[in-house]
Every structure is written in structure tokens, then in C-alpha cells.
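Per-entry structural report
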Amino acid sequence: MANVLCTLLLLIFSRSFTATLSLGVGINYGQIGNNLPSPSRVSILLGSLNISRVKLYDADPNVLTAFANTNVEFIIGLGNEYLQKMQDPQQAQIWIQQKLQPHISQTKITCVTVGNEVLGGVDPQLPQYLVPAMKSMYQALVNLGLNSQVYVTTAHSLQILKTSFPPSNGAFRDDLIQYIQPILSFHAMTNSPFLINAYPYFAYKNDPKNVQIEYLLFEPNPGTVDPNTNLKYDNMLYAQIDAVYSGIKALGHSDIQVRISETGWPSKGDVDEPGATVENAGIYNRNLLQRMQGGQGTPAHPSQRIDIYVFALFNENMKPGPTSERNYGLYYPDGTPVYNLGVQGYLPRIEYSSSAKNALCIFRLVVLLLGSLVFAC
């Protein structure tokens, strides 16, 4: 226990740890790998980084239990394969009672995402199930008295847009409006956010000769100007966010917040995936973190602080698809950083004993006290 406690205290008082007191972002914690650390070890890593918001793609009870009595807020996910079944209000309530309710008294669960990138995806049957499933899940929360603690939403890819530039002309695809309009009405009724998965990297991958990579990486560049608003954009991500806001406004809503449920940059790719390098991934995420620490908004919504979940915590070696899909992580599974983010985390090499867990409790308490002191200053 003494060794563990010393290590944790060294982290607390090191400059590198102090710099992590307000990263300003959440993290996507995927688990499609056969060499990933246990959730209990991951809880130590995220605690050392002072990351307090985590997004899951399921409702893994092992993860939720490992983060009990911590300050971490969770988004849990309902997979696309369950959408048809969850149209049934009774099935939705059973899911909430079995997956969410047993944990919420000790683990902070603030959101359920119903499906991921359903609209514009590979299965043309799924969109018809999406809104009914969202409504059933919300009603289950109402029935259980949890709707004030937990909101319901779904995450979209930017494939839902037919126009993204200039941002003021952003518009959704005509064939998807029949689904998006009731989703927006649901968000307005329940005061829940519209989530998008935004990856400027894909623009470079698809057209590396004509897309300026500095514009994607938040590096110095001439930028672009929206001719309708005269607003200047110095990076693609902010332009994408404002394009979604414009699409929402075009359908009659101005009261729905857009949040980024995924963004990131791969550190490795296939030969036909230009720009997928450790250097570029490090630049993208370092610059992104700096901007989020500054509490930035977009040019069209400067007072609305951007809310982002970085993708992803670990490289996941069993994800299908091109090489890039397995190399979005900030960390290798052994806890080694893929690149320097300017912050330092600690992943224990072995499972914690009960005595070491007591040391962790002391560590978390000191972190909370330090956070309070920083806030007071």
C-alpha cells in the first residue's frame, strides 16, 4: 500500500498532474479489444487525468461498478441491435431497470444514447425504429422517476448533412428529414442535446490534394469566410458544428444544443489513409484540448461553450475495418501514451488489493480538495 500511495501522491503534486485539473473534455471508452486493462485499472487512469465525463457504447456493469462513488459522469449506450425491441415500452422499462437503475445510486449516469449513427447508416430498416425507441426509453425514465437525472438522445454521423459549407447553409439530407424532424421535436420537449460524431480527418482522407491539413488540425492557416455571415473559420470542426446548427434552425428549432459525441484523429492507417500519423493525431488532440480548456464557442455561437467527447481512450485491436479504426486511442492498452498530450496519467500494472484501494480513496479525496482550492482561487 505504501508504494501505491507514494505513487499517487507524487502524481498529485507533480506539475504534469496539476495541469490536468480541467481538461475540459469527456472521453469515449470503447472496449472492442482483447488486451485492454480492467475497468478498475481504467478508473485509476482516468482519476489521475481528472477526466470526469465518460461515454460508453453499452451499459457494462463491470465498468459502472468500478466507477462507483467517484466523480465521473457516464453516458451509457443502447446498441443499434436493440432498437426494434425497445419500441416496446415494457422492454424499454426492463432495460432501464436492469442496466441503469442498479447503478445510479452510486455511479453518476446522466444520459442514455439510443443507437449510434443510425441515420445514413448501412441498415435502411433501423431509422424507422429510432424515434419510437427513444420515446419508450424516455417514458421508462419518467415512470421510474429518473427523467430529471438522465436524458435520452442519439448520436449522428455527419452523413446526415447534404450541405455543410458555408456553415450558414448547412442542411440535412432530404431523405432523412422525416426522421430528423421528430427527433428535434423530442429534443425540444425533453431539453436534451443533439449529438454528432465529427471527424475532420475524413475530409483529408477523401481529398488530401485539395484539403489543407492545417485547417483540420487547428494549426495556423488562412481560414475560410462564410459569405453569408462574414464569419471567419480557422478550423473545420467549428464549421461542421455551425453547419449542424443551421440545419436544425432550418427545421424550425433554435433551442437545441449541439454537442460533439465523438471526434479524434487516427495515429496509424493503411496506405490509402493519408494523414493518419502519430504526429498529426498528437497535433489535433493537443490543439483541441487547448481550445476546450479556453472554453471556446464557434463563430456563430460564441457564447455556447463547445462540449466534446474525444475518441478514444485506448487503441482497440479487434475493431473491424481499416487500420485507422484500431488506432484512435490516446493510450495503448498497457497505459503508455500513443503521443504526448501534455498530461500524465497513471495506469496500475496489477489489480488493486483492498489496501491499495484505500490508498486510491485518499488519492481521490485529495484530488477533490485540490480541485476545490483551484476553483476557489
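The name an unreviewed UniProt entry gives the protein chain is glucan endo-1,3-beta-D-glucosidase, with Tagetes erecta as the organism. Here is the UniProt Catalytic activity (unreviewed entry) comment for the protein chain, exactly as written: "Hydrolysis of (1->3)-beta-D-glucosidic linkages in (1->3)-beta-D-glucans."

On the basis of which strands lie adjacent, the closed barrel formed by eight strands has the order β1-β2-β3-β4-β5-β8-β11-β12 and parallel pairing. Across the sheet, the mean angle separating the axes of adjacent strands is 25 degrees when strand polarity is ignored. Sheet topology note: the strand β4 (residues 108–116)/strand β5 (residues 151–157) ladder contains four bridges and is parallel. Across the sheet, residue Val112 finds its bridge partner in β5, namely Val152.

With that out of the way, let us pick up the environment of Leu141. Tracing the backbone through its elements, the reader meets Leu141 in helix α6 (residues 127–143). C-alpha of Leu141 to C-alpha of Tyr151: the two residues are ten residues apart in sequence and 8.5 Å apart in space. In this structure Leu141 touches Ile96, Leu100, Leu146, Asn147, Val150 and Val152, once residues within four positions along its chain are discounted.

With that out of the way, let us pick up the packing of α6 against helix α7 (residues 177–190). For any two helices packed against each other, one specifies the inter-axial angle together with the distance between the axes. At a closest axis distance of 9 Å, the pairing of α6 and α7 adopts a crossing angle of 15 degrees. Relative to α7, the element α6 lies roughly parallel. Judged by the twist between their axes, the crossing of α6 over α7 is left-handed. Touching Pro127, Gln128, Leu130, Val131, Met134, Lys135 and Tyr138 of α6 are Tyr179, Pro182, Ile183, Phe186, His187, Met189 and Thr190, all from α7. Of the residues contributing to the contact of α6 with α7, the split by class is ten nonpolar, three polar and one charged.

Attention shifts here to the packing of aromatic side chains. The final tally for this structure, using the stated rule, is 14 aromatic pairs. A ring pair is formed by Tyr199 and Phe311, whose centres lie 6.3 Å apart and whose planes are at 85 degrees; its orientation type is edge-to-face. On the criterion of sequence distance, the pair formed by Tyr199 in the loop between β8 (194–197) and α8 (201–206) and Phe311 in the loop between β12 (308–310) and α12 (354–376) is long-range, its members being 112 residues apart. What makes Phe311 buried here is its relative accessible area of 5%. In textbook terms, an aromatic cluster arises when at least three aromatic residues are bridged by ring pairs, as seen for Tyr57, Tyr199, Tyr201, Phe202, Phe218, Tyr238, Trp265, Tyr284, Phe311 and Tyr328. The ring of Tyr309 has Arg53 sitting right over it, with the charged end atom 4.8 Å from the ring centre.

Cut-offs used in this document
Residues numbered from 1 in each chain as written. Predicted model: local features only at pLDDT ≥ 70, side-chain atom pairs only at ≥ 80, totals over all residues. Heavy atoms only, no water. UniProt positions renumbered as here; feature names shortened; annotations may be inferred. Pairing = 2+ DSSP bridges. Helix = DSSP H or I, 4+ residues; strand = E, 2+ residues; numbered from the N terminus. Axes fitted to C-alpha atoms, helices over the stretch in contact; angles between N-to-C directions. Contact = heavy atoms within 4.5 Å. Parallel < 35°, antiparallel > 145°, perpendicular 65-115°, else oblique. Left-handed = near helix turned anticlockwise from the far one by under 90°. Nonpolar A, V, L, I, M, F, W, Y, C, P; charged D, E, K, R; others polar. Phe/Tyr/Trp six-rings, centres within 6.5 Å; stacked < 30°, edge-to-face > 60°. Buried < 20%, exposed > 50% of the residue type's maximum accessible area, 1.4 Å probe, protein only. Lys NZ or Arg CZ within 6 Å of the ring centre and 35° of its normal.

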